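Single-letter residue listing:
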Amino acid sequence: MTTTAVVFDQVSKAYGEVRAVDGLSLELHPGETVALLGPNGAGKSTTLDLLLGLKQADHGSVRLFGTSPREAIVGGRVDAMLQSGGLMDEVTVAELVRLACALHPRPHRPADVLARAGITQIADRKADKLSGGQAQRVRFALATAGDSDLIVLDEPTTGMDVTTRQGFWATMREQAEQGRTVLFATHYLEEADAIADRVLVLHRGRLLADGTAAEIKAKAGVRRISFDLEVPVDETTLRGLPFLTGLTVSGPTVRIQSTDADATVHALYGLGVYPRNLEVAGLGLEQAFVAITAAEEARTS
């Protein structure tokens, strides 16, 4: 088996004057769980469409397991759960799952697919009578109807409650532990932080960051400082602290973002301010994501 599941080699795709994907190069490997992040318009959906052969690149190449996307999909090596597309009306959940299994070159047993997705109890319900979260679970079942090597998920947990989300990601971990590659695009950055082995950040069709969640946080180069003040200090004075990139004041509590936390705290004491409950910590993934993309916007504007 090839050591790479997905290879993008200098891939570009434009819609008129808009470059949705711009010279994208990356590799995904078997057993990885990878989160694809980016603001609206970053090129996430186009990247997934190119990976699944739904669109063709203007330049560069996309290879899945050493073959074209179409060959990999026809061979049953790729399953996908996309945002677009509905479920057939007047068809039961069980009938949909049986159809998906029958069409897959390497099918699982329909009963196992229903159980894995947690939808056995609604197997006899019509697909057009489902709640949003139930419909998502059915889409997940259809995406895992066979023994694939790559699972592609586009905003998979939208509409799911907390318990269903936890069960979903437990199943995805099992898939990765069995050697499958799991690639998911999400707006829930806490999911990327908790689930992904690797995080890819897209911005205007280009790969802005690639690493573990911890590495992405470190790349932001910003730390959080929070403390309480017994005696209020003028906000303008606080904004004069060195290396400040963000400041919020809520009653006695001050929260700061700084590119050099040591220097900022030193200057804080230099003002004659004595902070209580002082905490210095790295950014969360969501804050790091915002910081990285904002810095790129400032650089390219």
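Residues numbered from 1 in each chain as written. Predicted model: local features only at pLDDT ≥ 70, side-chain atom pairs only at ≥ 80, totals over all residues. Heavy atoms only, no water.

Asks: Whenever I open this one, the pattern of salt bridges confuses me. Can you help?
Replies: Side chains bearing opposite charge may pair, as long as their charged atoms lie close to each other. Inspection of every chain in the model, using the stated rule, returns 15 salt bridges. Three or more residues joined by partner-sharing salt bridges are found here, namely Glu32, Arg198 and Asp210. (Salt bridge = Lys/Arg side-chain N within 4 Å of Asp/Glu carboxyl O.)

Asks: How should the packing of aromatic side chains be read in this particular structure?
Replies: Under the defined criterion, the tally for this structure stands at three aromatic pairs. With 4.8 Å between their ring centres and 65° between their planes, Phe140 and Phe168 make a pair best called edge-to-face. You can see Phe140 sitting in helix H5 (residues 132–143) and its partner Phe168 sitting in helix H6 (residues 162–177), a full 28 residues away along the chain. Assigned by exposure class, Phe140 and Phe168 land together as buried. Here the aromatic rings of Trp169 and Phe184 are separated by 4.6 Å at their centres, their planes lie at 55°, and the arrangement is tilted. Pair noted here: Trp169 is in helix H6 and Phe184 is in strand E7 (residues 181–185), with a separation of 15 residues, a long-range link. Among the aromatic residues, those joined into a cluster by ring pairs are Phe140, Phe168, Trp169 and Phe184. (Phe/Tyr/Trp six-rings, centres within 6.5 Å; stacked < 30°, edge-to-face > 60°. Helix = DSSP H or I, 4+ residues; strand = E, 2+ residues; numbered from the N terminus. Buried < 20%, exposed > 50% of the residue type's maximum accessible area, 1.4 Å probe, protein only.)

Asks: What is the right way to look at the nonpolar core in this model?
Replies: What tends to happen in soluble globular proteins is that the nonpolar side chains get buried as a cluster. Counting residues in hydrophobic clusters, the biggest one holds 51 residues, and the most contacted among them are Leu37, Val97, Ile119, Leu153, Phe168, Met172 and Val199. When sequence neighbours within four positions are dropped, the list of residues in contact with Val199 reads Ala35, Leu37, Ala192, Ala209, Asp210, Gly211, Ala213 and Ile216. Counting 26 residues, the second-largest nonpolar core is a separate cluster that includes Ala5, Leu24, Leu52 and Leu200. (Core = buried A, V, L, I, M, F, W, Y, C linked by side-chain atoms within 4.5 Å. Contact = heavy atoms within 4.5 Å.)

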